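Chains, contacts and geometry: an overview
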Amino acid sequence: MSLNPHILVIDDEPQILRALRTILTEKEFKVTTARNGEEGLTMAATGLPDIIILDLGLPDMDGVEVCARLREWTDSPIIVLSVRDSERDKVAALDKGADDYLTKPFGIEELLARVRVALRHSARKQGSKVNLVVAGELQIDLSWHIVKRNGEEVKLSAHEYNLLAYLVSNRGRVLTHRSILTHVWGSADADHTEYLRVYMRQLRKKLEEDPERPKYLVTEPGLGYRFVGDE
Amino acid sequence: MHNHSFARKFLFYLLAVALVACTAVILFFLRDTLDKTLVALLYLLPVGLITNLWGLGPGIISALSAFLSFNYLFIKPFYTFAVHQPTDLVILMVFLIVAMVISQLVGRAQLGMATAKDRERDATQLYELSTILVGLHNNLLISQVLAEYIQTTFQGEYLELEISITDPQMTILPHGATVPKRPPELKLPIQAARGVLGEIRIWRQTPAISSTEKRLLQTFTSQGALVVEREQLAQMESRSKVLEESDKLKSAILSSVSHELRTPLATIKASISSLRSGEVNWNSNAREELIALIDDESDHLDLVVGNLLDMSRLESGALYPKREWNILSEIVIGVLARMQRLTGEHVIDLDIPDDLPLLPVDYIQMVQVFTNLLSNSIKYSPPNSVICIEARVRDETCMLVRISNQGPHVPEEDLERIFDKFYRITAADRVTGIGLGLSICKGIIETHGGKIWAENQPGSFVFNFTLPLDLDGSLPPQMPTEIEPE
């Protein structure tokens, strides 16, 4: 990765492109832009960006399709942009390999936070695995399967631990219901969101200081969950 | 109408002659005691009677036969038609004239009465038909009633009634009969001022359809045509009323929306331009204030646009809930977390028991319901007052959620109307919003199979809504049990 990470923005709205180019260049990213899916795919192949920001509503092809085509050959993080209330598209894009999403209109801090998470995640993938994850008073040891809260070990059932471990190893990223269910319970139970709801409540009771206002195990309405750890 | 068959008519003539003959025989035996003028008078009796009973024809025949038998039997010389005395001739002539006149008069009166009766029947039928038809509001019923009416009146072998405009209908009577293999005896167009609306076809060979019947049928048909046409016009009118209503709604939306969209835009524009102009000190509080304002107002714009989109989705039926088993408290807590900045001035009292069953709802849509109800509660209740959110299982079929605030009461007559689109009790410029939030809540709750209503309670105003506990008949799923670690 070069010093200035390269971000490719694929969006058909010139105003959005203009704003993102200005803001991201200001933040010392190298920014390239594409106005439609075809152009985006070509530029991704030639420019090899570190991150791709992809709008789901493109004029020439479905954003979800672009996402799937990108995933055929690149592991670069993809952050999808979409308008409110298109949860189904977002879920489809996330299930097709997108790493994160942002809903238009979004704040720039939000965008930068997602970009940072995505960059860290791809760095983690390339570098050595971190086995001890810290989030506030929580310590999660992924190699020894030990979870500690304020230094005391918390007993978790097998499903609870698997659920936590999956979220933690993807910390910062949104994971869809389907992907969590498939990963923790198996593909036969991929539609049983109720398992997820119930286990998540149990996990929060065991790990969160205030289970009603979770800090680490965050709900993404209509999409899934996200684990927020220390930076 | 004269439906008497030929044989019947012939019988009447025969009877007329026979009755006159009887009278002649009786009078013949009294010939010596009765004066011939008296005989002539008595002869008039059967003539009048016959005409009265059987009509003009038999009356005239009876008058003639009475005249002949009177002459033959009672005028000297007997048993001839010859007359010797001039007085007898006078008597005979007077008798003939009187008999003819009587039978004519009585016969005509009879005929007139029969016609009047026919006319009266026609009029009654027409009246009945139009009374029935007036109450009908669709072509199917109109054509059925008309066809049945015509069928009972005309007793045809087969009848087809076809209405060929907007909502085409074809009625066939009697039910289940097959079409005769010949052209119909009578075809009548259902003709209205605006053109032909359909056709009536009647098959009836015997007795042949008379011209009177044809006329009556025409009257029936035009009655039917009138009703069908009236119905058509009524439909057109109601369609244009609907259009007019939606037109009114559209202009209401436009004025409300342009106001709602312009206000935040105006704020944003004013803030930005003052920031750009360099008039505001770069490090002053004012700068922070303006930037916060821009942020808030753009969020507000987003909310307005979102509500408009949701409303149109709800109306077009595109906002179909994706119901899944959810934990209600998780939804509410998520909403509260996101609304933190707005709820800051109020105390939120959350009362949702931990042991509530899973609820089959669309997560995102329920987020919207809580967001809208809460923002409404915040908007209308004083700062630092309490907003209480509570949820209970009401009975085995549904969950009841109550959101109460300490805002002012809503007049009883407006309690239902606050869920209407663009309806607001307060003047439009005092409170922001386009009056869509509550109607979206109503739409969402109703597509979930629940009910939403508002009520005034002592010291508070409460939104209530229910949600069914079952998902298409099935109850919350059982979790696969797992052994808890020690």
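Our subject is the structure that appears above.
For clarity, every value in this text was computed on a predicted model and none was experimentally measured. (Residues numbered from 1 in each chain as written. Chains lettered and ligands numbered in written order. Predicted model: local features only at pLDDT ≥ 70, side-chain atom pairs only at ≥ 80, totals over all residues. Heavy atoms only, no water.)

1. Things to note about the interface of chain A and chain B
- Chain A puts 29 residues into the contact, and the matching count from chain B is 29 residues.
- Summing both sides of the interface, chain A and chain B together bury roughly 2,500 Å²; the carbon and sulfur share of this comes to 51%.
- Applying the counting rule to chain A against chain B returns 3 salt bridges.
- With a shortest N-O distance of 3.6 Å, Glu 330 of chain B and Arg 197 of chain A are connected by a salt bridge.
- Listed by contribution, the elements that provide at least two residues to the side of chain A that touches chain B are helix H4 (87-95), helix H6 (158-169) and helix H8 (193-207) of chain A.
- Broken down by element, the residue count for the side of chain A that touches chain B peaks at 11 residues, all from H8 of chain A.
- Of the residues contributing to the side of chain A that touches chain B, the split by class is 9 nonpolar, 6 polar and 14 charged. (Contact = heavy atoms within 4.5 Å. Buried area = accessible area lost by both parts, 1.4 Å probe. Salt bridge = Lys/Arg side-chain N within 4 Å of Asp/Glu carboxyl O. Helix = DSSP H or I, 4+ residues; strand = E, 2+ residues; numbered from the N terminus. Nonpolar A, V, L, I, M, F, W, Y, C, P; charged D, E, K, R; others polar.)

2. Looking at the sheet that holds strand E12 (residues 224-227) of chain A
Residues and elements named next belong to chain A.
- Pairing is antiparallel in the open sheet, where 3 strands are placed in the order E10-E12-E11. Looking at the sheet topology across the chains shown, the edges are occupied by strand E10 (174-176) and strand E11 (217-220). Looking at each pair of strands side by side, their axes are set apart by 30° on average, direction ignored.
- As defined by bridge partners, E11 adjoins E12 across 4 bridges and the pair is classed as antiparallel. Bridged to Leu 217 within E12 is Phe 227. (Pairing = 2+ DSSP bridges. Axes fitted to C-alpha atoms, helices over the stretch in contact; angles between N-to-C directions.)

3. Considerations on the sheet that holds strand E2 (residues 30-34) of chain A
Residue and element names in this part refer to chain A.
- With parallel pairing, 5 strands are arranged side by side in an open sheet as E2-E1-E3-E4-E5. The open sheet is flanked by E2 and strand E5 (100-104), the only strands paired with a single partner. Strand after strand, the sheet turns through a mean of 20° between neighbouring axes, direction not considered.
- In terms of strand pairing, strand E3 (residues 51-55) meets strand E4 (residues 78-83) through 4 bridges, oriented parallel. Residue pairing across strands places Asp 55 opposite Leu 81, the latter belonging to E4.
- Relative to the sheet, helix H1 (residues 14-26) contacts strand E1 (6-10), E2, E3, E4 and E5, its axis offset from that of E2 by approximately 170°.
- Taken strand by strand, H4 contacts E4 and E5, and its axis lies near 160° from that of E5.

4. Some thoughts on the pairing of strand E7 (residues 138-141) of chain A
Residue and element names in this part refer to chain A.
- Pairing geometry for strand E6 (residues 132-135) and E7, over 4 bridges, is antiparallel. Residue pairing for E7: Leu 132 is matched across the bridge by Asp 141.
- Hairpin remark: E6 followed by E7, antiparallel, with 2 residues in the connecting loop; positive phi at Gly 136, about 55°.

5. Here we look at the side chain of Ser 143 of chain B
Residue and element names in this part refer to chain B.
- Position of Ser 143 relative to the elements: it lies in helix H5 (residues 139-154).
- In this structure the side chain of Ser 143 is engaged in a polar contact, spanning 2.8 Å, whose partner is the side chain of Thr 171.
- Setting aside residues no more than four positions away along its own chain, Ser 143 makes contact with Leu 161, Ile 163, Gln 169 and Thr 171. (Polar contact = N/O pair within 3.5 Å; in protein donor to acceptor, adjacent residues only side chain to side chain.)

6. Focus on unusual backbone geometry
- With an omega of -5°, the peptide bond between Lys 104 of chain A and Pro 105 of chain A qualifies as cis.
- With respect to the secondary-structure elements, Pro 105 of chain A resides in the loop between E5 and helix H5 (108-126).
- If you check the backbone angles, Tyr 79 of chain B has positive phi at about 65° while not being a glycine.
- Considering the arrangement of structural elements, one finds Tyr 79 of chain B in the loop between helix H3 (56-74) and helix H4 (86-134).
- In this structure Tyr 79 of chain B comes out as partly exposed when scored by relative accessible area, which is 42%. (Buried < 20%, exposed > 50% of the residue type's maximum accessible area, 1.4 Å probe, protein only.)

7. Some thoughts on a negative patch on the surface
Residue and element names in this part refer to chain A.
- Residues Asp 62, Glu 65, Glu 72 and Asp 89 make up a contiguous surface patch of negative charge.
- Mapped onto the elements of the fold, Glu 65 is located in helix H3 (residues 63-71).
- Residue classification places Glu 65 among the partly exposed positions, given a relative accessible area of 37%. (Patch = residues over 30% accessible without salt bridge, like charges linked within 9 Å, V, L, I, M, F, W, Y side chains within 5 Å. Areas by Shrake-Rupley, 256 points an atom, 1.4 Å probe, with all protein chains shown as cover. Lys, Arg positive; Asp, Glu negative; His and termini not counted. Charge placed at Lys NZ, Arg CZ, Asp CG, Glu CD.)

These results come straight from atomic positions and should not be treated as a statement about function.
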